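Topology and contacts: notes
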Amino acid sequence: MQLKNLFVSYRDQLLLIYPKLEAESLVFWLFESFLNRKRMDILNDVPIEAVPAEMEIALEKLLRGMPIQYILGKAPFYGREFKVGPEVLIPRNETEGLVHLIIKENQTPGLKILDVGTGSGCIPITLALELKNATVFGLDISEIALEMAKENAKSLKADVLFFHCNILQDEIPIQGLDILVSNPPYVRDSEQAQMHQNVLQYEPHLALFVADDNPLIFYRSIAEKGRIALKPGGKLYFEINEAFGPETKKLLEDLGYSEIHILEDLNGRDRMVTGIR
């Protein structure tokens, strides 16, 4: 079988539920994972001996809407590969932007950093590997997510200590922090209708959604407890719902934070809020 014919066949099937560029990207990902073939191999139309059964099963899952990251059990983030599963959110480009901002603004060695709602551990692990001599912690309410985060830290050789914590009920177990960061649940229940079905069906709702009548519940709890956990002059970094930039800024102002900024992502949407204790 020629690789180009197989590519066209897979792409055309995926076009039933995905836009053209996304369908092609998914096929490239499948070919690299199961056939060890890259785009140039498709252009050169190299022959293959057989189609692995595992790749056929992966295609069937894609056609049912399952995210490819869950199918393959891994997702890229900031140049590294993280183990993921339905128990944790798939790391996204917007969160890479948040991490990049933290790295760019905080080059002092030996910082003490905490990530709240750590999921796969992509935020604290990346910060531990990118910042010199940082002491890094992660919290999550999900024991399963924490186990996955620990696996990622071990495989990527990152020194991160993880804690089980319900941030809405428990106090932050670390104090004297230089940086407190969080990408908490921020999608309102009413926004579910606008989301892709593969997100709704497969990603953990616990890590995604908040009630419409209290959309800033996690931001308030983290910021309130952050006043104790952060040292004076410590920095707070949030990833936010683009609809609530001004409201999140006012929340921090009311709690006594200073130098509060709303920052956009690469698509020009309000995506981050920062402040100083």
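Reference entry: report on the structure contained in this document. None of these values were measured; they are calculated from a predicted model.

Calculation criteria
Residues numbered from 1 in each chain as written. Predicted model: local features only at pLDDT ≥ 70, side-chain atom pairs only at ≥ 80, totals over all residues. Heavy atoms only, no water. Buried < 20%, exposed > 50% of the residue type's maximum accessible area, 1.4 Å probe, protein only. Helix = DSSP H or I, 4+ residues; strand = E, 2+ residues; numbered from the N terminus. Pairing = 2+ DSSP bridges. Right-handed = clockwise from strand over helix to strand, strands pointing away. Core = buried A, V, L, I, M, F, W, Y, C linked by side-chain atoms within 4.5 Å. Contact = heavy atoms within 4.5 Å.

This brings us to helix H7 (residues 122-130). Among the 9 residues of H7, 7 are classified as buried, and the element is accordingly described as predominantly covered. Every buried residue of H7 is accounted for by Cys122, Ile123, Pro124, Ile125, Thr126, Leu127 and Ala128.

What follows is about the pairing of strand E4 (residues 135-140). Counting buried positions along E4 yields 5 of 6 residues, so the element is predominantly enclosed. Note that strand E3 (residues 112-116) and E4 share 5 bridges and pair parallel. Looking at E4, one finds that valine 116 is bridged to leucine 139. Tracing the backbone out of E3, into H7 and back to the parallel element E4 gives a crossover that is right-handed. Sheet analysis places E4 next to strand E5 (residues 160-164), joined by 5 bridges and oriented parallel. Each residue of the ladder has a partner; that of aspartate 140, found in E5, is histidine 164. Between E4 and its parallel partner E5, the chain crosses via helix H8 (residues 143-155), and the hand of that crossover is right-handed.

Bringing the pairing of strand E1 (residues 74-77) into the picture now. The two faces of a sheet get side chains in turn, since along a regular strand they alternate between them. With burial as the criterion, only one face of E1 is covered, namely that bearing Ala75 and Phe77; the residues Lys74 and Pro76 on the opposite face remain uncovered. Where E1 lies against strand E2 (residues 80-83), 4 bridges are found, and the strand directions are antiparallel. In the sheet register, phenylalanine 77 faces E2, and the bridge partner there is arginine 80. Between E1 and E2, which follow one another and run antiparallel, lie 2 residues, and tyrosine 78 among them has a positive phi close to 50 degrees.

A word on the nonpolar core. Counting residues in each nonpolar core, the largest one holds 34 residues, and the members touching the most others are Leu114, Leu180, Leu236, Phe238, Leu252 and Tyr257. Of all elements in the fold, only E3, E4, strand E6 (177-182), helix H9 (197-202), strand E8 (209-210), helix H10 (217-229), strand E9 (230-239) and helix H11 (245-254) reach the threshold of two or more residues within this core. Here the element with the most residues in this core is H10; it accounts for 5 residues. Once residues lying within four places of it in the same chain are set aside, the contact partners of leucine 114 are Phe137, Gly138, Leu139, Ile172, Leu177, Ile179, Leu180 and Val181. Counting 32 residues, the second-largest nonpolar core is a separate cluster that includes Leu35, Ile42, Ile68 and Val88.

Everything listed is a geometric property; what it means functionally is a separate question.
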